Amino acid sequence: DVKVTQSSRYLVKRTGEKVFLECVQDMDHENMFWYRQDPGLGLRLIYFSYDVKMKEKGDIPEGYSVSREKKERFSLILESASTNQTSMYLCASRARGSYEQYFGPGTRLTVT
Amino acid sequence: AQSVTQLGSHVSVSEGALVLLRCNYSSSVPPYLFWYVQYPNQGLQLLLKYTTGATLVKGINGFEAEFKKSETSFHLTKPSAHMSDAAEYFCAVSVQMDSNYQLIWGAGTKLIIKP
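To keep things clear, this report deals only with the structure shown in the data block.

Thresholds applied
Residues numbered from 1 in each chain as written. Chains lettered and ligands numbered in written order. Predicted model: local features only at pLDDT ≥ 70, side-chain atom pairs only at ≥ 80, totals over all residues. Heavy atoms only, no water. Contact = heavy atoms within 4.5 Å. Salt bridge = Lys/Arg side-chain N within 4 Å of Asp/Glu carboxyl O. Polar contact = N/O pair within 3.5 Å; in protein donor to acceptor, adjacent residues only side chain to side chain. Helix = DSSP H or I, 4+ residues; strand = E, 2+ residues; numbered from the N terminus. Nonpolar A, V, L, I, M, F, W, Y, C, P; charged D, E, K, R; others polar. Pairing = 2+ DSSP bridges. Axes fitted to C-alpha atoms, helices over the stretch in contact; angles between N-to-C directions. Buried < 20%, exposed > 50% of the residue type's maximum accessible area, 1.4 Å probe, protein only.

Some remarks on the interface of chain A and chain B
In many analyses, interface size is given as the accessible surface area lost on bringing the parts together.
Reasoning step 1: Counting residues at the interface gives 21 residues for chain A and 21 residues for chain B.
Reasoning step 2: Inspection of the chain A/chain B interface yields 1 salt bridge.
Reasoning step 3: In this structure, the salt-bridge partner of Lys49(B) is Glu100(A), at a minimum N-O distance of 3.5 Å.
Reasoning step 4: Put simply, chain A and chain B have 6 residue pairs in polar contact (both at pLDDT 80 or more) between them.
Reasoning step 5: The set of elements that each furnish at least two residues to the side of chain A that touches chain B consists of strand E4 (31-38), strand E5 (42-49) and strand E9 (87-94) of chain A.
Reasoning step 6: Partitioned by chemical class, the residues of the side of chain A that touches chain B number 12 nonpolar, 6 polar and 3 charged.

Examining the sheet that holds strand E7 (residues 64-70) of chain A
Residue and element names in this part refer to chain A.
Reasoning step 1: If you trace the 4 strands from one edge of the open sheet to the other, you get E1-E3-E8-E7, paired in antiparallel fashion. Here the strands that pair on one side only, and so sit at the sheet edges, are strand E1 (4-6) and E7. Mean inter-strand twist for the sheet, computed between neighbouring axes without regard to direction, equals 20°.
Reasoning step 2: Both strand E3 (residues 19-25) and strand E8 (residues 73-78) contribute to a ladder of 6 bridges, which runs antiparallel. Opposite Cys23, over in E8, you have Phe74 as the bridge partner.

Details of the pattern of salt bridges
Close approach of charged atoms allows side chains of opposite charge to pair.
Reasoning step 1: This model, assessed by the stated rule, comprises 10 salt bridges over all chains.
Reasoning step 2: Residue Glu79(A) is joined to Lys18(A) by a salt bridge in which the shortest nitrogen-to-oxygen separation is 3.5 Å. Taken together, the residues Glu79(A) in the loop between E8 and E9 and Lys18(A) in the loop between strand E2 (10-13) and E3 connect sequence positions 61 residues apart.
Reasoning step 3: Between Asp85(B) and Lys78(B) there is a salt bridge; the shortest N-O distance is 2.8 Å. Judged on exposure class, the residue Asp85(B) and its partner Lys78(B) are both buried.

Now the structure itself:
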């Protein structure tokens, strides 16, 4: 079974803090994704990575950065958290040549 | 640009009734189509997918979906709703961007089951 884990289920941070969200997958997948999910908006892609040290901007990268130093780990960084970044963050992975993405349980981030 | 439209942000059905969740897509090439389900406070789980071949696709938990190219639709159905089906359902289409495939997502439909 593919397993994608995220470091926290719930997180509360203050405005201006630097926030790290970690994602680890155990299936040797090349591709990894970070989405944010907001009611009525579905999933919006923030960043994705198709290989170690590679990253590509998604639809809403502003205010975020990512890091992929190891194949199994993909980190999302909020350099200076703002209240409009309060959201559910979902990590996913996908094998090269496959179409299916596997999701972690999500991190609900609240920025106060 | 590719897009996915899910009709109805909320759908309410009685337990035992037919479930029908609608999904329409725009795609200039033959699409790969997916339905994912998200139970409360969980990540997304693949329900079923259409890539090639038979247009009627069966998934987990008794759900199925039919790809209709002429209608650019991929509606999700289940003959008899169960309380445990209460969740949010997302339709997605796979598109190729450069050398990678990305998913374009619908906004989601929350399925409410009435006892």
